[in-house]
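# Tertiary structure, described
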Amino acid sequence: MNMENAQQMNTETHLDPMKDDLPLMANTSYMLVKHYVLDLDVDFKSKVVEGSIVLFFETGSQYRKTSSAGKECCQSQFDETCKMRASEPCHIPMINVSTCSSKTECNDFAVSGKEEEATSDENSNHSNNEQASGISSSKDCCDLEDRGNKDFLLVLDCCDLSVLKVEEVDVAAVSGIEKFTRSAKLTGVSKELENLRNRIVRELVTLPADRWKEQLYYFTHCSQAPGCGELLFSTGTWSLEIRKSGIQTPADFPHAIRIWYKTKPEGRSVTWTTDQSGRPCVYTMGSPINNRALFPCQEPPIALSTWQASVRTAADFVVLMSGENSAEPVQLQEGILSWYYYVSMPMPASTFTIAVGCWQEVKQQSFKQKAAIGTNTEFSLPSSQTDLRWHEEICGHVEYPCRFQNPAARLQAVIPYRVFAPWCLMESCEKYLLQLIPQCLSAAYATLGTHPFSRLDVLIVPSNFSSLGMASPHIIFLSQSVLPGGSHLCGTRLCHEIAHAWFGLAIGARDWTEEWLSEGFATFLEDIFWARAQQQLSHDEIKGQQELKALLRWRRLRDEVQNSEEELQVLRPKKESTGELSESGASVVKYGLKAEKIFMQVHYLKGYFLLRSLARTIGEVSYLASLRKFVFKFHGQLVLSQDFLTMLLEDIPKQKQSELTVESIFQNWLDTSGIPKERCSIPLIILETFLWISTPKAPAGGGRDVEGVSARPASEQRGHKMDSDKPEDQKKQQKEIEAG
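The following paragraphs examine the structure supplied in this document. (Residues numbered from 1 in each chain as written. Predicted model: local features only at pLDDT ≥ 70, side-chain atom pairs only at ≥ 80, totals over all residues. Heavy atoms only, no water.)

## Brief notes about the pattern of salt bridges
Oppositely charged side chains can form a pair if their charged atoms are brought close together. Inspection of the entire model under this criterion finds 32 salt bridges. Taking the shortest distance from any N to any O, the salt bridge between R510 and D643 comes out at 3.7 Å. Taken together, the residues span a long stretch of sequence, with R510 in the loop between β23 (507-509) and α14 (516-533) and D643 in helix α18 (residues 641-650) at a distance of 133 residues. When its relative accessible area of 37% is taken as the criterion, R510 is described as partly exposed. Here R612 ties to E547 by a salt bridge, and the two come within 2.9 Å at their closest N and O atoms. You can see R612 sitting in helix α16 (residues 602-618) and its partner E547 sitting in helix α15 (residues 539-562), a full 65 residues away along the chain. Summarising the burial analysis for this pair, R612 and E547 share the class buried. (Salt bridge = Lys/Arg side-chain N within 4 Å of Asp/Glu carboxyl O. Helix = DSSP H or I, 4+ residues; strand = E, 2+ residues; numbered from the N terminus. Buried < 20%, exposed > 50% of the residue type's maximum accessible area, 1.4 Å probe, protein only.)

And the structure:
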């Protein structure tokens, strides 16, 4: 972001992105997105994604509860929106425009050139063809009442986008749509027709799970229906606000709208770069603002939605995306391919991921590899009778075609997978990744049971990727840095990202400040998965690996705690108010825009040590059984810390509960900075680790070191120091270890 834009943002919103919280401004309590249809073109010359997105809504819970209050309900939302105007974040994936006729319509509207840039770079009002009717700027929304105008205002999370046009979609014009309405006639006065359109959308978004293919069919055709009236809209730094003149309630507001827009080359949700072979590419890199600079959306986690996307680009490129299907490209014209993906499991919009580049699929070349993979996939799920009984129960999530209720999916230890990489890295990927993926998937299945997602793509992303990995529905990004580390680094990182399929994706945090519910669990489970994936190691060797890793994590956590702000060390920074929303559904991610927070590992490591402590108290077998129970009970849902802790403590025998309560765990682990001194068992970790390292062992496999760590005394190992950096403390620790 250049200096001019940064100054404009600070002036306009009084928000310092280096220090303040990340606002989620979408008013999800009044209208809730249920499905997105994206239709996009990716242009590498201009570094722009351009197209349209159609949003299908249902009336939000807050309006349904308070609709009897009449206009007061909507006015309270306006008041709250004005108060929170100064904060609103974004994260947006790349998108592409739809049909040629739609493009023409969009271009006819856009004033183009400098004038178009001005409309998106300022807080400005657009009425499409009516330039001066309505709100003069988003900051004037509180003046609506003074003008005698109490129109309902739909707020979406949006930034770094040029919004060109917003219109209502005439879903009633779709052939065969009569089945979704009790009325046989699709014509009539304007008000009746508006009600009919909303009723059609309401019926469509609430179809039962066994009709998901039919639902997807009609979503597609409704998204291609003609527009039936342009809507007034206003863009701000963090939001897109839409209204329809004369419409005062969410129930009467159009429930299917189409937004024409284009991204900006400097947009913060995607990065335009080159891969390791020097070819251009673009991908969502896990921005702190999520997907708001890719498409207008509702960012709060509660806005669980499905989506489908058609993406067009030059024929040299491959489009990978969060989708249940392995897309096969369709040639539209010479040199242009279209890729289509969909998901039927409702997910937060922030989990949408896309990568467009000259990726090459890495395929198995030798029969020997295929045979090795075949033998490594034969894991069995250690289900108890209790586990089987869980699968007979009804899932607790909203309706969707759930794999946990699919008998074939419950027996699938290894889901279909593909590997993509730049040409120059294909050999390394074939050597390591292709062998490791089925082993790690099988180990995950043996630990937690049914895979939440039906397939997996793994992509080696460009070298500017700032993390080792990132998991999204149906796709994992891995850094090239894991490849030189051999099977160990590659395998452990793969296990970590695979764990996110359950913790972070299938089970999401209701409040994004509770990152430990995703990262702490993935860090803990990567050890469990990797231990089961390494069938060639003995129990003692695996135990040694885990204890040494615990020591290294402890040192990293200790250093981070000593060198970071205390407020950033708290795993539940909002404490008692965690999970609470405002009346409109808007909220904030506390410290979400703190630059230092991006590089911190405290939610990984402190969360890991909490789970490790609980596992040692309960016993690993009982603990993993509780995790499987938790997964089945809460998959497809959003949770808070107390949901997991309450269920876990209910399963602990009374003689082991000791002083463990949800409140004590909050007090000692989640609501305070630093590291719990008496409850973390860190001295025990250090003692066990150094005792293990110092004990002479017969190396397996002709002197092979375990995990790449030599079985020599710790003092002789390069790079692995004692717990303290001071020489006198090292001597003291050595004496304590020898005395132990």
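## Things to note about helix α17 (residues 620-634)
With 15 residues, α17 should reach 21 Å at 1.5 Å per residue; the first-to-last C-alpha distance of 21 Å fits that figure. The complete set of buried residues in α17 reads Y623, L624, S626, L627, R628, F630, V631, F632 and F634. Note on α17: the residue one or two positions beyond its end, G636, has a positive phi of about 80°. (Expected span 1.5 Å × (residues − 1).)

## Details of the sheet that holds strand β11 (residues 270-274)
With respect to topology, 4 strands assemble into an open sheet ordered β11-β12-β17-β14, the strand pairing being antiparallel. Two strands close off the open sheet at either side, each with one partner strand: β11 and β14 (318-321). Strand-to-strand twist in this sheet, taken as the mean axis angle between neighbours without regard to direction, amounts to 15°. Two strands pair when backbone bridges link them, and β11 and strand β12 (residues 280-284) are joined in this way by 5 bridges, in the antiparallel orientation. Looking at the pairing, T274 lines up with P280 of β12. (Pairing = 2+ DSSP bridges. Axes fitted to C-alpha atoms, helices over the stretch in contact; angles between N-to-C directions.)

## Brief notes about the nonpolar core
By size, the foremost hydrophobic cluster in this structure holds 161 residues, and its most contacted members are I242 and F644. Other than its neighbours up to four places away in sequence, F644 contacts W516, F521, L611, L614, Y623, L627 and F630. Counting 21 residues, the second-largest nonpolar core is a separate cluster that includes V171, F180, C222 and A225. (Core = buried A, V, L, I, M, F, W, Y, C linked by side-chain atoms within 4.5 Å. Contact = heavy atoms within 4.5 Å.)

## What to know about the packing of helix α13 (residues 486-499) against α14
Relative to each other, α13 and α14 sit at 130°, their axes nearing to 8 Å. Comparing their axes, α14 and α13 come out oblique. Remark: the crossing between α13 and α14 carries right-handed chirality. On α14, the residues that touch S487, H488, G491, T492, C495, H496, I498 and A499 of α13 are E519, A522, T523, L525, E526, F529 and W530. Of the residues assigned to the contact of α13 with α14, the class counts are 7 nonpolar, 6 polar and 2 charged. (Parallel < 35°, antiparallel > 145°, perpendicular 65-115°, else oblique. Left-handed = near helix turned anticlockwise from the far one by under 90°. Nonpolar A, V, L, I, M, F, W, Y, C, P; charged D, E, K, R; others polar.)

## Some details on the environment of H35
Turning to its location among the elements, H35 is positioned in strand β2 (residues 31-43). Leave out the neighbours within four places in its chain, and H35 touches V54, L55, F56, L216, F219, S305, T306, W307 and Q308. A polar contact of 2.6 Å, which involves the side chain of H35, links it to the side chain of T306. (Polar contact = N/O pair within 3.5 Å; in protein donor to acceptor, adjacent residues only side chain to side chain.)

## Observations concerning the packing of α16 against α17
In the contact formed by α16 and α17, the axes pass within 6 Å of each other and the chain directions differ by 120°. Compared by their axis directions, α16 and α17 come out oblique. Across the interface between the two elements, L611, L614, A615 and I618 of α16 pack against E620, S622 and Y623 of α17. Here the contact of α16 with α17 is built from residues that sort into 5 nonpolar, 1 polar and 1 charged.

## Looking at the sheet that holds strand β13 (residues 305-314)
Sheet strands pair by backbone hydrogen bonding; their relative direction is either parallel or antiparallel. The strand order β7-β6-β10-β3-β2-β13-β16-β15 describes an open sheet built from 8 strands, whose pairing is mixed. Both outer strands of the open sheet, β7 (227-230) and β15 (330-333), are each paired with one neighbouring strand and no more. Pairwise comparison of adjacent strand axes, ignoring direction, gives a mean angle of 25° for this sheet. With 3 bridges connecting them, β15 and strand β16 (residues 336-347) associate as antiparallel partners. When the sheet's bridge partners are listed, V330 is paired in β16 with S338. In this fold helix α7 (residues 212-223) packs onto β2, β3 (48-59), β6 (161-169), β10 (256-263), β13 and β16, with an angle of close to 125° to the strand it touches most, β16.

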